[in-house]
Amino acid sequence: MKKKCLLIFFFNTIIFTSYTYCQTYVKGTVVDIYNNPIADANVSFVAEKIETKTDSTGNFILKSNQTRNKITVSFIGYQKKIISLKRDTTLNLLVLLAQNTTSLAEIMVLSGKKKRTNKKQNPAYKILENVWKNKKRNGLNLVKCYEYKKYSSTEFGFDNLDTVYLKKALGKNFDSVANKINTNKQNHKFFVPVELLEKSEKIYGNNIFHKERKDTEGERDLGIKQEGKILDKIANTFKEIDIYKNDIEILGKTFVSPIANEGFGTYDYTLTDSTIKDNKKYYTIDFYPRQTRDFAFYGSFTVANTNFAVVEIEMRTPKKMNLNFVKNFEFKKWFIVTQDSIYLPSRNQYHGYFSLLTKNEDEKGIYVIKNEVFNDYLFDKTHKPNFYDSVIVHTSAHQFDKDPQYWLKLEDKETITTNTVINTIQKSSKIKNISGFIYTISDGYVNLGNGLQWGNIWSTAARNDVEGLRLRFGLRTFKTSNDRLRLETYAAYGLLDKKAKFGFEARYLLANNPRIILSAAYLKDNEQMGLTQFNGISLIPDASRSPKALFNRGRNYLISLSEKKMLRFDFEPIKNLHLGVTASHNVMESAAPLRFSQAHFDKKLRKVESTVTDFTTDIYLTYTPTREISGFGVDQKIGYTLHPTLRINFKKGFKNVLGSNFNYNRIQAQYNKPIILGKFGILDATLGTGKTFEPLPLALLTAVSSNQTYFLLPNTFALLDYYDFVADTYFEGHFEHHLNGFLLNRIPIIKKLNLRSLLTFRGVYGTISDGSKEINRSSIIYVAPTKPYFEYGFGFENIGYGNIRPLRIDFITRSDFTNFNGPKNPKYGLRLSIRANF
């Protein structure tokens, strides 16, 4: 009893002290006419700057050292209220605010033009301020743990197909299909579905552990399978659209979210409506991009005033938006309320329309429609931390098969109709031919039948000074994108040197959980040695890193003939983390010995050798967090999301193994990260470093990655010739800032060209050891960039016509350096790139 009295006395003493310290003390709650608390309402003393805001439950405390007798309470959309205070200390004050009936429009229409006001005078600004404050306190973030089910359907198809073509494609089935599929309301042409993907998942999350687990429960693929990189990118267009993020990533581009904290720099907002439903108040806000070519949206969203959560949003892209191959995107999201204040995803609907030539509504193209439904939410069912780390690995095509009745319970009427139509359309050879043509253009491979493909057709012809015109023919096995075994081979012939080259590779997926891949390759071909390279998917060198471009700058005889045998073991213990070992035996000599020598002095034999035999093992690590991947074959599909990449490689050379000449150790590392800068675009930054610890001949040293083609290659120096710089220790950086039209979209007349500007900067520093110089007997004088070398410039991308804009042009200049190995390098350069980017 004594302890209880002491506690009461102590509590009253504190309260009394706080009262007496302040001349005026007010504590209360602000509610609407339905007794719902009003969060973030302004409460202040009349004629004094001291003010406060109500918390999420509508409560407030206001204090002053002076005696005050009136307070003002206000909130956007409600009538301001002035309350007289009868005493210095006021407790449990209940303030009732009535709805404001005056107009809340921010943009007034005068002679057809919008008159923009200061954002703080905009009624929508006050609401958005509260949305920003409550971003992390809305939705699933409000509960400790959660579970729910998710069903998604993705429909692919071809749009604006006319009646004549469709009758030829479907024959007697035309009438039955035409009555069930959608048509363009303007030209009455058809939207023809060709593939339907369905998936059901169970999601478990824990906000205490910051972990989430996704289990696939059912999956099926109906219709004509759409293969190819372009279609893979389109399929991943709507992977994750989170409106609460400041930037929404779509197709490798960043769109400013309409509820971004800096949204007023991109959008105009209009508070168009305030309604009351089920004793709750909701605000509707329309938004418009200030620049119609920027990556932004039109649309509207509705916000609940209890916790300022978005309950519904609809947005679409402007027709003039500076995005290739895209006619239009449309997004709709609905949210439901649980436990009276938690707003959770209920349904998402995404539409994407793509075309090759123009953005006109009647242009033929590809469409994708994705629907997502969320249900069976369950909260506060806890699991142990390791539960969320478990992963159900997709290992076979029929692993998640379900009977038709399972899917009927999940599908809506429209999806059931689409399913029926696809069963008929998949029999049409003409529709299949469209899919095959798109695949060939996208990936460069032509189906020959019986699981065999010819390609890559885009590397059929090339030219260099040693081989002259080079012709290449390649084959690979391909039944589906999920093949466990992939065999590839190619043969090439130079019309000048009249020599045949060839290569063969086999890759096999040994296990799926964890993923283990075994690879073996043999090739005898010309290579540009010394360039910075890391272990990739294939053991056969990437054509972009070899001297096989069709158009080149200057003369280049600095090419090696390499006979290489390789084995690789690749292990993926967790998603996107690859650990591996590559063993390689390589015999290298000059491909043009009369014009280029890569000889070295062998101290043991006391003579000059022109051939290098090398046996090495590479231990490597590749980590790509947040990268989206799919598929369960030896070659997985890579998503189009921006992600960082870390590569580390340790190479060990062994002497006297299969005739090898050198013992040596080399460590290399590279880190790439695309940095999202909102409406200012994306900064693509790459840092690399490496060190070789022992003296080596030219063929085994690291040359600064140069580029003597007229085409841009990633992480290379365009104004350097091959072997201008040779280093056994180096550090380099490559930076490209893609402004995504931020500058050019604001310049009259220029903006109509739909160009995007970019800035580039590259630099390298390196040294070469005296030991490597001492054994050098090649035709190259070793020069290292001990004085840092730089290249920098600007460029324009998105050059083309209509919806086809694959060209990029860079204007480049460089810092000064002395070239000891050939004619003076150009001070300025113009380089091209052709890529089918969105």
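Residues numbered from 1 in each chain as written. Predicted model: local features only at pLDDT ≥ 70, side-chain atom pairs only at ≥ 80, totals over all residues. Heavy atoms only, no water.

1. Digging into the overall build of the protein
As a reminder, the rule being used: Secondary structure is summarised from DSSP: a helix means a run of H or I of at least four residues, a strand means a run of E of at least two, and numbering begins at the N terminus for each. Note on classification: 1.4 Å probe, protein chains only; a residue is buried when its accessible area is under 20% of the maximum for its type, exposed when over 50%, partly exposed between these limits. The charged-residue count follows a simple rule in which Lys and Arg add positive charge and Asp and Glu add negative charge, with His and chain termini not counted at all. Every charge is mapped to an atom, namely NZ of Lys, CZ of Arg, CG of Asp or CD of Glu.
Looking only at helices and strands, the protein features nine helices and 45 strands. Based on the C-alpha atoms only, the size of the protein along its principal axes is roughly 105 × 75 × 65 Å. In the protein, buried positions account for 51% of the 838 residues. Side-chain charges in the protein split into 119 positive and 82 negative, and the spacing between the mean points of these groups amounts to 3 Å.

2. Regarding the sheet that holds strand 12 (residues 211–223)
Applied cut-off: Pairing between strands is defined by DSSP: at least two bridges between the two strands are required. Orientation is described by lines fitted to C-alpha atoms, with helices fitted over the stretch in contact, and by angles between N-to-C directions that extend from 0 to 180 degrees. By definition in these notes, contact holds between two residues if any of their heavy atoms fall within 4.5 Å.
Taken in spatial order, the 10 strands make up an open sheet running 12-11-10-21-20-19-18-17-16-15, and their pairing is antiparallel. Two strands close off the open sheet at either side, each with one partner strand: strand 12 and strand 15 (267–277). Taking the axes of each pair of neighbouring strands and ignoring which way they run, one obtains an average angle of 15° across the sheet. Pairing between strand 16 (residues 280–289) and strand 17 (residues 298–304): six bridges, direction antiparallel. When the bridges of strand 17 are listed, aspartate 286 appears paired with serine 300. In this fold helix 7 (residues 413–425) packs onto strand 10 (145–161), strand 11 (190–206) and strand 12, with an angle of close to 130° to the strand it touches most, strand 11.

3. Details of the pairing of strand 37 (residues 664–676)
Two strands pair when backbone bridges link them, and strand 36 (residues 645–653) and strand 37 are joined in this way by nine bridges, in the antiparallel orientation. Bridge pairing links arginine 647 to glutamine 670 in strand 37. The pairing of strand 37 with strand 38 (residues 682–692) spans 11 bridges and is classified as antiparallel. When the bridges of strand 38 are listed, proline 674 appears paired with aspartate 684. Counted along the chain from strand 37 to the antiparallel partner strand 38, the turn is five residues long, and its residue glycine 678 has a positive phi close to 65°.

4. Structural notes on helix 7
To keep things clear, this is the line we draw: A helix is expected to span 1.5 Å multiplied by its residue count minus one.
Its 13 residues place the ends of helix 7 19 Å apart at the C-alpha level, agreeing with the 18 Å of an ideal helix rising 1.5 Å per residue. Taken together, the buried positions of helix 7 are Thr415, Thr418, Asn419, Val421, Ile422 and Ile425. Looking at the buried residues of helix 7, the elements they touch are strand 10, helix 3 (163–170), helix 4 (174–178), strand 11, strand 12 and helix 8 (429–443).

5. Topic: the confidence of the model for the protein
Detail in the predicted coordinates should be disregarded across regions flagged by low pLDDT. So the rule is basically this: Note: pLDDT gives the predictor's confidence per residue, expressed from 0 to 100.
Looking at the protein as a whole, the pLDDT averages 85, with 91% of positions reaching at least 70. In this model residues 1–21 is a low-confidence stretch, pLDDT under 50, and it forms four contacts with partners more than four residues away in sequence or in other chains. Within the model, pLDDT remains below 50 along residues 542–547, and this stretch shows 15 contacts once partners closer than five positions in the same chain are excluded.

6. Details of the side chain of threonine 418
Along the chain, threonine 418 falls in helix 7. Residue class for threonine 418 comes out buried when judged on its relative accessible area of 9%. Ignoring anything within four residues of it in the chain, the contact list for threonine 418 reads Glu155 and Pro193.

7. Points about a negative patch on the surface
Heads up, the rule is: What makes a patch is a set of residues exposed beyond 30% relative accessible area and free of salt bridges, joined within 9 Å when like-charged and within 5 Å when nonpolar (Val, Leu, Ile, Met, Phe, Trp, Tyr). Shrake-Rupley sampling with a 1.4 Å probe provides the accessible areas, and residues are treated as covered by the protein chains on show and by no other component. By convention in these notes, a salt bridge is any Lys or Arg side-chain nitrogen within 4 Å of a carboxyl oxygen on Asp or Glu.
Together, Glu312, Glu314, Glu330, Glu361 and Asp362 make up a negatively charged patch on the protein surface. Summarising the element assignment, glutamate 330 is placed in strand 19 (residues 326–338). Exposure remark for glutamate 330: the relative accessible area of 31% places this residue in the partly exposed category.

8. Quick notes on the packing of aromatic side chains
Geometrically, a pair of aromatic rings is defined through the distance of the ring centres and the angle of the planes. Spelled out, the test is: When two rings of Phe, Tyr or Trp (its six-membered ring) have centres within 6.5 Å they constitute a pair, described as stacked for plane angles under 30 degrees, edge-to-face for angles over 60, and tilted for the intermediate range. Two limits define a charge over a ring: the Lys NZ or Arg CZ must be within 6 Å of the ring centre, and within 35 degrees of the ring normal.
Tallied over the entire structure, the rule returns 38 aromatic pairs. With a centroid separation of 4.7 Å and an interplanar angle of 65°, the aromatic rings of phenylalanine 680 and phenylalanine 742 are classed as edge-to-face. Of this pair, phenylalanine 680 sits in the loop between strand 37 and strand 38 while phenylalanine 742 sits in the loop between strand 41 (729–738) and strand 42 (756–767), and the two are 62 residues apart along the sequence. Looking at phenylalanine 680, the relative accessible area reads 39%, which means it is partly exposed. With a centroid separation of 5.5 Å and 85° between ring planes, the pair formed by tyrosine 789 and phenylalanine 817 is classed as edge-to-face. Linking tyrosine 789 in strand 43 (residues 789–801) with phenylalanine 817 in the loop between strand 44 (804–814) and strand 45 (828–834), this pair joins segments that are 28 residues apart in sequence. Assigned by exposure class, tyrosine 789 and phenylalanine 817 land together as buried. Pairwise contacts between aromatic rings join Tyr125, Trp132, Phe264, Tyr267, Tyr269, Phe287 and Phe301 into one cluster. Over the ring of tyrosine 406 we find lysine 402, and its NZ or CZ is 5.4 Å from the ring centre.

9. Description of the pairing of strand 14 (residues 253–256)
Side chains Lys253 and Phe255 project from strand 14 onto one buried face, and the interleaved Thr254 and Val256 project onto a second face that is buried too. Hairpin connection of strand 13 (residues 247–250) to strand 14: two residues between the antiparallel strands, including leucine 251 at a positive phi of 55°.

10. Observations concerning the environment of aspartate 525
Going by this rule: Residues adjacent in sequence count toward polar contacts only when both atoms are side-chain atoms; beyond that, a polar contact is any pair of N or O atoms within 3.5 Å, and within protein one must be able to donate a hydrogen and the other to accept it.
With respect to the secondary-structure elements, aspartate 525 resides in strand 28 (residues 515–527). On the basis of relative accessibility, which here comes to 1%, the residue aspartate 525 falls in the buried class. A C-alpha to C-alpha distance of 28 Å links aspartate 525 and leucine 579, two positions 54 residues apart in sequence. Within polar-contact distance, the side chain of aspartate 525 engages the side chain of arginine 470 at 2.9 Å.

11. Considering a nonpolar patch on the surface
Taken together, the side chains of Leu485, Tyr508, Leu510, Leu518, Phe569, Val581 and Ile619 define a hydrophobic patch exposed on the protein surface, amounting to about 590 Å² of accessible area. Inspection of the secondary structure assignment puts leucine 510 in strand 27 (residues 500–512).

12. Here we look at the environment of leucine 196
Position of leucine 196 relative to the elements: it lies in strand 11. Note: C-alpha distance between leucine 196 and valine 373 (177 residues apart in sequence) is 16 Å. With sequence-adjacent residues up to four places away left out, leucine 196 is seen in contact with Ser153, Thr154, Glu155, Arg220, Asp221, Leu222, Thr415, Asn419 and Ile422.

13. Describing the nonpolar core
How we decide: Note on terminology: a nonpolar core comprises buried Ala, Val, Leu, Ile, Met, Phe, Trp, Tyr and Cys residues joined through side-chain atoms within 4.5 Å.
Core analysis: the largest hydrophobic core is formed by 88 residues, its most contacted members being Ile71 and Phe301. The biggest single contributor to this core is helix 2 (residues 123–133), with six residues. In this structure, phenylalanine 301 is in contact with Leu128, Pro258, Ile259, Tyr269, Tyr283, Thr284, Ile285, Phe287, Val310, Glu312 and Ile313, ignoring residues within four places of it in sequence.

14. Some remarks on helix 3
This is how it is decided: The directions from the helix axis to the C-beta atoms form the arc being described.
Along helix 3, the residues that are buried comprise Leu166, Ala169 and Leu170. In a view along the axis of helix 3, the buried residues occupy a sector of 80°, so they form one face of it. Exposed positions of helix 3 whose direction lies more than 90 degrees from the buried face are Val164 and Lys168. Buried residues along helix 3 sit against strand 10, helix 4, strand 11, helix 7 and helix 8. The N-terminus of helix 3 is capped by aspartate 162, whose side-chain oxygen sits 3.3 Å from the backbone nitrogen of valine 164. Directly beyond the C-terminal end of helix 3, a positive phi value near 60° is found at glycine 171.

15. A short note on the sheet that holds strand 5 (residues 70–74)
Across a sheet, strands are paired by hydrogen bonds formed along the backbone, either parallel or antiparallel in direction. Strand order across the open sheet formed by four strands is 3-2-5-6, with antiparallel pairing between neighbours. Only two strands of the sheet have a single neighbouring strand rather than two, namely strand 3 (51–53) and strand 6 (81–84). Across the sheet, the axes of successive neighbouring strands diverge by a mean angle of 20°, strand direction being ignored. Direction of pairing for strand 5 relative to strand 6: antiparallel, over a ladder of four bridges. Of the residues in strand 6, the one forming a bridge with isoleucine 71 is isoleucine 83.

16. Examining the environment of phenylalanine 735
Within the fold, phenylalanine 735 resides in strand 41. Phenylalanine 735 gets classed as partly exposed once you look at its relative accessible area, which sits at 28%. When the C-alpha atoms of phenylalanine 735 and leucine 683 are compared, they prove to be 6.9 Å apart, with 52 residues separating the residues in sequence.

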